[in-house]
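If you want the building blocks of each chain, they are given just below.
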Amino acid sequence: MCGIVGYVGKRQVVPVLLDGLRRLEYRGYDSAGVAIAQNGTVKVSKKAGRLSELEEVVPYEEFSQATIGIGHTRWATHGKPTDDNAHPHQDCTGDFTVIHNGIIENYAELRRELKEKGHVFRSETDTEVIAHLFEELYEDNLEETMKKVIARLEGSYALVVVSVRDKNKLLAARQDSPLVIGLGKGENLLASDIPALLPYTRETIIMEDGQLAILTEDSVTIKDIKGNTIEPKIFHVHWDDVAAEKAGYEHFMLKEIHEQPKALKDTLAGRITEDNKVKFAEGFALTPEMVRDIEKVYLIACGTAYHAGLVGKHLIEKLVGIPAEADVASEFRYRDPLVTDKTLVVVVSQSGETADTLAALRESKARGARVVAVTNVVGSSVAREADDVIYTWAGPEIAVASTKAYTTQLLALSLFAIYLAQERGKEATYLLEEIKKLPEKASRVLETEARIKELAEVIAKHDDAFYIGRGLDFAVSLEGQLKLKEISYIHAEAYPAGELKHGTLALITEGTPVISLATQPSLYEKTVSNIQEVKARGAYVVGIVKEGDEKINEHADVVINIPEVNPLLSPIIAVLPLQLLSYYAAVARGEDVDKPRNLAKSVTVE
Ligand code: F6R
């Protein structure tokens, strides 16, 4: 998500920080800032927009002697991309300056508490509470204060602080957000990602969760949360700059596939209360009365986001009992939709800028509907124009083919369906315990990568493939076939499993790959019958089923198991092997995975 750089040494610090931030630009960001320590003060310079805008306002002359500082590029989560919300953030006195990547889940409570004690806030961010906590808890030792601050934080953080109370030092802490230390000679660095370190050193320490780091120009000390010193492992980076941007993965798409456990965890952060209720905080104002008035829900989107909408439709109908329709935005906007002030419209868009989705949002509002947006980009057009926003905290998605945006959209829609059920007095909270386990289950599926790669090498030799499933498995099949065709250029189609014999079965011949999803217990027997139909015509059947399913072995040529998961949540897990399958099929065919032909990441024209 955000980019972090810190430096302590003998060089002029401003160019080091700006160069480091430039090297993290590929991650995407919406504002940037630096804090420079010099002559007993720490001064902040920050700006919304691109790095070039920050470069225009940084007072280079004033900081020409400075050799300690921190820099940050922000990907907004709490609060829009504005100058005030850009990092670094300071406490009331300016003595403590922080940058942070991650999400502080209990920031609202902390902010309330600190305000009551007289602290004055200048931004809407979760990060600013950290600066004020330092001010509140400081006695006479910065390191001890860091421990006390961390003890108050719930959520994820890569956190760096520079303070006039303990000059010539950078302090850092990590929990669930990456932080790497660069070991130089007479200088040391910190960054959220390796590329920022490479001009200065290839010797690094990858910080682990629960660790603190203290950096001076001559030393780096790593401690655990109790203050015990830890002997860190030194990792020598042999990647070139381009490989480092991808954290050593061959493509951004593969990196993003592997980021999904973390993206799911972040999207969940702070959204399940202690008394097992779903809550959406910032930007969400749908009241219980409004929820009770809803007579129909439309889920509107394009492409992969539309496939997420299809899953959302199932969940809302099943859990809430309200009729729900998923529709493609470019169709919806021109077909005089039956939308009234009793209709709730949910628009789903990773970028928040897709022209058709935005037009559908406007059309719905003009007809009196309330619009909820599910989006990944804070401050995007969709986020600004919708009445309520649920953010997917997937972080920037760079590969054109959507992966982590899709699974986090599914998670956000699952939470939203449970929220609607809860407000309408229906029992759906039983899903919440299962939801909490999804990141770990996603990690387990990703461990089967080597087997899926072998399978992909077989599929890559074909020019056509079919995906079949029933119910939610069909919705996932649609996403699977889109992923395969957009990056490998293999022609692929998805069908409701029961629909094949109404025409498409004619295309199944000896060896035709049929990827068959059968994760829904209530539809299992029916799906297996359809699998038998294609098998009888010579299909090469790949079964995607739950662990422990022995029966499928009789019918499938290859079986991919996913962990046991509630059927309503299974799309979030079942899609993962399909993403890997598409990725490795495209690699096997030598295609440009991250930038497939004819496609753009953000479709801002009709
Ligand atoms: C496919 C893909 C597209 C997008 C679609 C909508 O991998 O990424 O189908 O899902 O263009 O984009 P957003 O979600 O930005 O509105």
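Definitions and limits used
- Residues numbered from 1 in each chain as written.
- Predicted model: local features only at pLDDT ≥ 70, side-chain atom pairs only at ≥ 80, totals over all residues.
- Heavy atoms only, no water.
- Pairing = 2+ DSSP bridges.
- Helix = DSSP H or I, 4+ residues; strand = E, 2+ residues; numbered from the N terminus.
- Domains from an automatic or database assignment.
- Contact = heavy atoms within 4.5 Å.
- Buried area = accessible area lost by both parts, 1.4 Å probe.
- Salt bridge = Lys/Arg side-chain N within 4 Å of Asp/Glu carboxyl O.
- Near = heavy atom within 4 Å.
- Polar contact = N/O pair within 3.5 Å; in protein donor to acceptor, adjacent residues only side chain to side chain.
- Areas by Shrake-Rupley, 256 points an atom, 1.4 Å probe, with all protein chains shown as cover.
- Nonpolar A, V, L, I, M, F, W, Y, C, P; charged D, E, K, R; others polar.
- Core = buried A, V, L, I, M, F, W, Y, C linked by side-chain atoms within 4.5 Å.
- Buried < 20%, exposed > 50% of the residue type's maximum accessible area, 1.4 Å probe, protein only.
- Axes fitted to C-alpha atoms, helices over the stretch in contact; angles between N-to-C directions.

**Student:** Mind showing me how you'd approach the pairing of strand S9 (residues 180–183) here?
**Tutor:** Put simply, side chains in a regular strand alternate between the two faces of the sheet. Across 4 bridges, S9 lies against strand S10 (residues 188–191) in antiparallel orientation. By the bridge assignment, Gly-182 is partnered in S10 with Leu-189. Taking the residues between adjacent antiparallel strands as the criterion, S9 and S10 are bridged by 4 residues, where Gly-186 takes a positive phi near 70 degrees. Strand direction decides the pairing type here: S9 and strand S11 (residues 203–206), joined by 3 bridges, are antiparallel. Residue pairing across strands places Gly-182 opposite Thr-204, the latter belonging to S11.

**Student:** In this structure, what is going on with the domain arrangement of the chain? I would like to understand it.
**Tutor:** In many reports, interface size means the accessible area that the parts give up when they come together. Taken domain by domain, the chain consists of domain 1 (3–245), domain 2 (255–436) and domain 3 (444–588). With 26 residues of domain 2 at the contact, the number on the domain 3 side is 24 residues. Counting each side, the surface lost to burial between domain 2 and domain 3 is near 2,000 Å², with a carbon and sulfur contribution of 74%. For the pair domain 2 and domain 3, the interface holds 0 salt bridges.

**Student:** For this particular structure, what's the right way to read the site of the ligand?
**Tutor:** For the ligand, the set of nearby residues contains 13 residues, the closest of which are Ser-349, Gln-350, Ser-351, Thr-354 and Glu-486. Between an oxygen atom of the ligand and a side-chain N or O atom of Ser-351, the distance comes to 2.6 Å. Between the ligand and the protein, one listed contact pairs an oxygen atom with a side-chain N or O atom of Glu-486 at 2.6 Å. Burial of the ligand by the protein chains amounts to 89% of its free accessible area of 400 Å². Elements represented by at least two residues in the shell around the ligand include exactly helix H10 (303–320) and helix H18 (472–488). Taken together, the residues of the shell around the ligand break down into 4 nonpolar, 7 polar and 2 charged.

**Student:** Is there a simple way to explain the nonpolar core in this structure?
**Tutor:** It is characteristic of soluble globular proteins that their nonpolar side chains tend to be buried jointly. Val-346, Phe-416 and Ile-435 are the most contacted members of the largest nonpolar core, which has 125 residues in total. Excluding residues that lie within four positions of it along the chain, Ile-435 makes contacts with Leu-268, Ile-272, Leu-411, Ser-414, Leu-415, Ile-418 and Leu-569. Within the second largest apolar cluster, 25 residues are counted, among which are Ile-104, Val-129, Ala-131 and Phe-134.

**Student:** Explain the sheet that holds strand S25 (residues 558–562) here, please?
**Tutor:** Strand pairing in a sheet relies on backbone hydrogen bonds, with the paired strands running either antiparallel or parallel. Overall, parallel pairing links the 5 strands, which are arranged S22-S21-S23-S24-S25 in an open sheet. In this open sheet, the two edge strands, each paired with only one partner strand, are strand S22 (491–496) and S25. Across the sheet, the axes of successive neighbouring strands diverge by a mean angle of 20 degrees, strand direction being ignored. Here 3 bridges tie strand S21 (residues 464–469) to strand S23 (residues 513–518), and the two strands are oriented parallel to one another. From the neighbouring strand, Ile-468 faces S23, where its bridge partner is Ser-516. On the sheet, helix H17 (residues 449–459) packs against S23, strand S24 (540–546) and S25 and is oriented at approximately 140 degrees with respect to S25.

**Student:** Would you mind going over unusual backbone geometry with me for this structure?
**Tutor:** Trans is the prevailing form of peptide bonds, just as negative phi is the prevailing case for residues other than glycine. At the junction of His-87 and Pro-88, the peptide bond is cis and its omega measures out at 0 degrees in the coordinates. You can see Pro-88 is positioned in the loop between strand S4 (68–74) and strand S5 (89–90). You will see that Ala-247, though not glycine, has its phi angle at about 50 degrees, which is positive. Along the chain, Ala-247 turns up in the loop between helix H6 (241–245) and helix H7 (252–258). Overall, Ala-247 belongs to the partly exposed group, its relative accessible area being 31%. Unlike most non-glycine residues, Asp-336 shows phi in positive territory, near 50 degrees. Looking at where Asp-336 falls in the secondary structure, it is placed in the loop between helix H11 (329–332) and strand S18 (343–349). For Asp-336, a relative accessible area of 55% puts it in the exposed group.

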